[in-house]
Amino acid sequence: MVVAVGVGTVTVQVLEGQGGFSTSDVLSGPTSSAAITLITNVGPQACAVWDEQLISAARGWPSSCFTDRGRLGFCDLASAVDAVMWSATDLPYFFSVGPNASDAMVEVLAGKPHIFHIGPWFDEFVFTSKGIWYIPVGSANTGLAPGTVQFIPVTNEAASQVKPAFTSEGFLYVNAGRSRVNVLIGTGTAYSTRPYVVKDVTQFHKHLFTGTPKAIAISTGDGQAPERYVYVTDADGTLVVGRYQPGKDWIGWVPWRGGAVYSCVSALFGNIILTTSYGGVGVVEQLDDTVYLDCAQPLAGAYSAPWLAIASVTLMDGVNNLGLHQIDAHGNVVPIYPGEDLSSPTIVAGFAYTPTFEPFLPNAEAGTDQKQRTRRRRIDRVLVSVSNSTGFLWARLYAGRQGAQLPAPGSIIGYRRITAYNVGDDQTQPPPLREEKYSFRGPLGHTYDPRWALYKDTSGPLRILEIGQEAST
Amino acid sequence: MGAAAAPVAAVSSLASLGLSFAGGMDKATADIMKGEAVNAQDQYQADQAEEAARFGRLQAGLTDVTMRENLTKTISSIDAMRAAGNVDPSSPTTATIEDWNRMLSDRQRTAAVVTARSQAAMEDASAAYLRQAGQFAMTTAGMSASADKMAAYAGLLGGIGKMAGGMGGFGGGVGAGDPSG
């Protein structure tokens with residue numbers, strides 16, 4: 001491309017695919033021609049035609065990546081937020097766009113949406129600021145080739161920049177307003193014009209998401225727990241955990257609130273990795289069902305836990321709770337009593353937390369008149385069946401009328417502790433893991449929704465197998 | 001009796017000369033007519049070749065236009081299909097695919113048009129050759145005719161000369177008398 005013409009001099013910007021010049025060439029124009037007598041190389045010239053890399057230090061870097069069908073993909077490109085780029089098939093370092101089936105591709109979604117993430121599944125899903133699309137791929141992979149990529153709308157409910165999490169049945173994603181979690185699932189209808197739908201899975205649990213969700217992770221059930229759990233961290237540092245049931249449209253959510261401030265959660269197969277902080281100290285944690293403390297770290301006989309030199313810690317040796325210990329300014333564990341033996345190599349230090357279990361008292365089923373929901377009720381008896389128990393606290397909670405001189409709703413108005421050791425047990429040994437059934441009297445008085453709770457306020461194992469509640473009006 | 005036979009032979013020889021001369025002139029005429037026939041045939045074939053060249057050029061032009069129209073249809077179809085797939089018109093892959101189709105079409109179009117135009121040029125060359133060949137045939141025929149005429153005249157003159165020589169012998173014979181007579 002000619003960029004400047006002087007007296008006897010023409011400045012030319014050589015474009016991609018073009019060769020240079022030689023003195024045997026003739027420069028011809030509409031009315032005359034002249035022999036080229038001298039060639040001088042100069043730097044790149046400003047011109048109206050140029051190719052530029054989508055990714056560079058000058059133009060910015062992508063925020064999301066994925067792999068699918070032998071291609072490495074990038075999206076949320078700083079220089080083109082509505083574009084997706086795929087590498088050539090089986091060539092993850094090759095992004096030169098071409099027309100053949102295995103060539104690299106760059107496609108731009110119409111309407112200028114901000115593409116946040118691509119989710120590969122049977123098809124590819126495009127989560128954007130203006131809705132969700134899917135790219136039909138097909139079993140023959142014919143849909144993921146230059147010229148065959150299509151963006152078919154699933155919903156115009158926009159997604160957020162939170163990376164969606166893949167379940168066995170679809171994708172969990174956070175809506176654009178970051179107020180709820182939705183699931184994108186297949187309808188299961190073959191050859192349907194609407195093969196995918198979106199459903200809200202936090203419809204009755206939005207109050208738990210006190211902040212705005214900022215990360216989602218799903219355990220696949222391959223880890224220590226066979227269940228599939230969903231972990232959502234909120235911007236305010238809280239964590240909400242749900243249990244996802246394949247084939248059902250809902251997820252049961254519970255809040256996790258310990259001493260940690262949760263920043264992010266991610267998953268790799270059955271492993272859940274959390275980025276947390278305790279007292280301002282950042283920690284990367286992995287969920288482990290075999291320890292009963294937050295931020296658990298082995299002392300390894302060192303009497304020292306400098307990473308925890310921010311507070312008191314609880315020590316545990318297996319299931320044996322050694323109690324709360326102070327950490328001095330140097331990170332050393334201060335024994336509770338002189339001569340306390342903390343040399344066991346299996347002692348771990350961490351922060352205790354209190355799992356709480358408070359079931360609802362179910363209502364009588366609708367049908368024949370039993371004065372359902374119109375009479376105060378009383379829990380006469382509660383049966384709790386547990387295993388692997390090292391003790392817990394069972395408590396009656398206040399659920400009566402509210403008033404200035406009355407307890408706050410949910411206050412403990414009576415309790416019974418199931419101790420780790422019974423009379424006759426050898427307290428020099430770890431507490432026995434009991435498998436028992438315990439019966440408790442319910443809270444006194446009648447109220448519309450009587451309450452009780454079970455607290456595991458001493459760190460250690462406990463598995464609740466069954467509960468039974470006997471109620472009367 | 002011998003004396004009576006000589007004039008008859010002379011007349012016969014003269015007639016023979018006349019026939020020979022006439023035959024030579026006829027051959028010349030035939031050569032010219034043959035040359036004209038060849039020329040006419042060549043001119044006809046040249047006309048055919050020129051017509052074929054004109055048709056070839058027309059066909060090349062139509063092929064060029066048709067293939068350009070097909071390319072436009074192809075690119076338009078690509079644009080329509082991509083738009084139906086919610087792909088933005090600025091998609092680099094779309095541009096690459098369309099460039100690829102342009103390149104393929106240009107290559108095919110160039111090959112087809114160049115072939116047709118080359119064929120037309122060959123037809124033109126054939127026409128020029130045939131016209132030259134016709135002219136050459138005419139020239140050759142004229143030269144052959146001239147040669148035939150020359151040969152006829154030569155034969156005639158030679159015959160006359162020979163006959164004149166013969167006539168001299170006839171007179172001597174009369175003067176000497178026939179010994180048998």
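Residues numbered from 1 in each chain as written. Chains lettered and ligands numbered in written order. Predicted model: local features only at pLDDT ≥ 70, side-chain atom pairs only at ≥ 80, totals over all residues. Heavy atoms only, no water.

### Let's talk about the overall build of chain B
In terms of helices and strands, chain B carries two helices and zero strands. Within chain B, buried positions represent 26% of all 181 residues. A fraction of 88% describes how many contacts in chain B between residues 6 or more apart in sequence connect residues 24 or more apart. When the accessible surface of chain B is split by element, carbon and sulfur atoms take 65% of a total near 11,200 Å². (Helix = DSSP H or I, 4+ residues; strand = E, 2+ residues; numbered from the N terminus. Buried < 20%, exposed > 50% of the residue type's maximum accessible area, 1.4 Å probe, protein only. Contact = heavy atoms within 4.5 Å. Areas by Shrake-Rupley, 256 points an atom, 1.4 Å probe, with all protein chains shown as cover.)

### Quick look at the pattern of salt bridges
One pass over the structure, following the stated rule, counts 22 salt bridges over all chains. With its nearest N and O atoms 3.6 Å apart, the salt bridge here joins Lys-112 of chain A to Asp-82 of chain A. Linking Lys-112 of chain A in the loop between strand 8 (105-108) and strand 9 (115-120) with Asp-82 of chain A in the loop between strand 6 (71-75) and strand 7 (83-86), this pair joins segments that are 30 residues apart in sequence. Of the residues examined, Asp-82 of chain A reaches a relative accessible area of 9% and is grouped as buried. The partner of Asp-148 of chain B in a salt bridge is Lys-27 of chain B, and the shortest N-O contact between them spans 4.0 Å. Taken as a pair, Asp-148 of chain B in helix 2 (residues 92-176) and Lys-27 of chain B in helix 1 (residues 2-84) lie far apart in primary sequence, 121 residues in all. On the accessibility criterion, Asp-148 of chain B (11% relative accessible area) is buried. (Salt bridge = Lys/Arg side-chain N within 4 Å of Asp/Glu carboxyl O.)

### Some details on the interface of chain A and chain B
Listed per partner, the contact involves 21 residues of chain A and 14 residues of chain B. Counting the surface lost from both chain A and chain B, the interface buries some 1,200 Å², and carbon and sulfur atoms represent 56% of this. Inspection of the chain A/chain B interface yields two salt bridges. A salt bridge links Asp-88 of chain B to Lys-112 of chain A; the shortest N-O distance between them is 3.9 Å. The tally of links from chain A across to chain B stands at nine residue pairs in polar contact (both at pLDDT 80 or more). When the residues that make up the side of chain A that touches chain B are grouped by side-chain class, the tally is 13 nonpolar, six polar and two charged. (Buried area = accessible area lost by both parts, 1.4 Å probe. Polar contact = N/O pair within 3.5 Å; in protein donor to acceptor, adjacent residues only side chain to side chain. Nonpolar A, V, L, I, M, F, W, Y, C, P; charged D, E, K, R; others polar.)

### With respect to the pairing of strand 26 (residues 320-327) of chain A
All names here are of chain A. In the sheet, strand 25 (residues 313-317) pairs with strand 26 via five bridges, with the strands oriented antiparallel. The residue of strand 26 that forms the bridge with Val-313 is His-325. Examined bridge by bridge, strand 26 and strand 27 (residues 333-334) share two bridges and lie antiparallel to one another. The residue bridging Ile-327 from the neighbouring strand is Val-333, located in strand 27. Between strand 26 and strand 27, which pair antiparallel in sequence order, lie five residues; one of them, Gly-331, sits at a positive phi of approximately 85°. (Pairing = 2+ DSSP bridges.)

### Remarks on the sheet that holds strand 18 (residues 229-234) of chain A
Residues and elements named next belong to chain A. Across the sheet, which stays open at both edges, the four strands sit in the order 17-18-19-20 with antiparallel pairing between neighbours. Unpaired on one side and paired on the other, strand 17 (213-218) and strand 20 (251-256) mark the two borders of the sheet. Direction aside, neighbouring strands of the sheet carry axes that sit 20° apart on average. Where strand 19 (residues 239-244) and strand 20 come together, six bridges link them in antiparallel fashion. Across the sheet, Arg-243 pairs through a bridge with Gly-252, a residue of strand 20. (Axes fitted to C-alpha atoms, helices over the stretch in contact; angles between N-to-C directions.)

### Regarding the sheet that holds strand 34 (residues 451-455) of chain A
Residue and element names in this part refer to chain A. Taking strand neighbours across the sheet as the criterion, the four strands line up as 29-34-31-32 in an open arrangement whose pairing is antiparallel. Looking at which strands have only one partner, the edges of the open sheet turn out to be strand 29 (356-357) and strand 32 (412-418). Pairing between strand 29 and strand 34: two bridges, direction antiparallel. Each bridged residue has a counterpart across the sheet, and for Phe-357 the counterpart in strand 34 is Leu-454.

### What about the environment of Ser-266 of chain A?
In this fold, Ser-266 of chain A is placed in strand 21 (residues 261-268). Linking Ser-266 of chain A and Gly-138 of chain A, residues 128 residues apart in sequence, is a C-alpha distance of 29 Å.

### Let's talk about the packing of aromatic side chains
All names here are of chain A. Overall, the coordinates contain 23 aromatic pairs over all chains when judged by the stated rule. For the ring pair Tyr-134 and Tyr-196, a centre distance of 5.0 Å and an interplane angle of 70° mean the geometry is edge-to-face. Within this pair, whereas Tyr-134 is found in strand 11 (residues 131-135), its partner Tyr-196 is found in strand 16 (residues 196-200), the two being separated by 62 residues in sequence. Like Tyr-134, the residue Tyr-196 is buried in the burial classification. Every member of this aromatic cluster is reached through a ring pair, and the members are Trp-121, Phe-122, Phe-125, Phe-127, Tyr-134, Phe-166, Phe-171, Tyr-173 and Tyr-196. (Phe/Tyr/Trp six-rings, centres within 6.5 Å; stacked < 30°, edge-to-face > 60°.)

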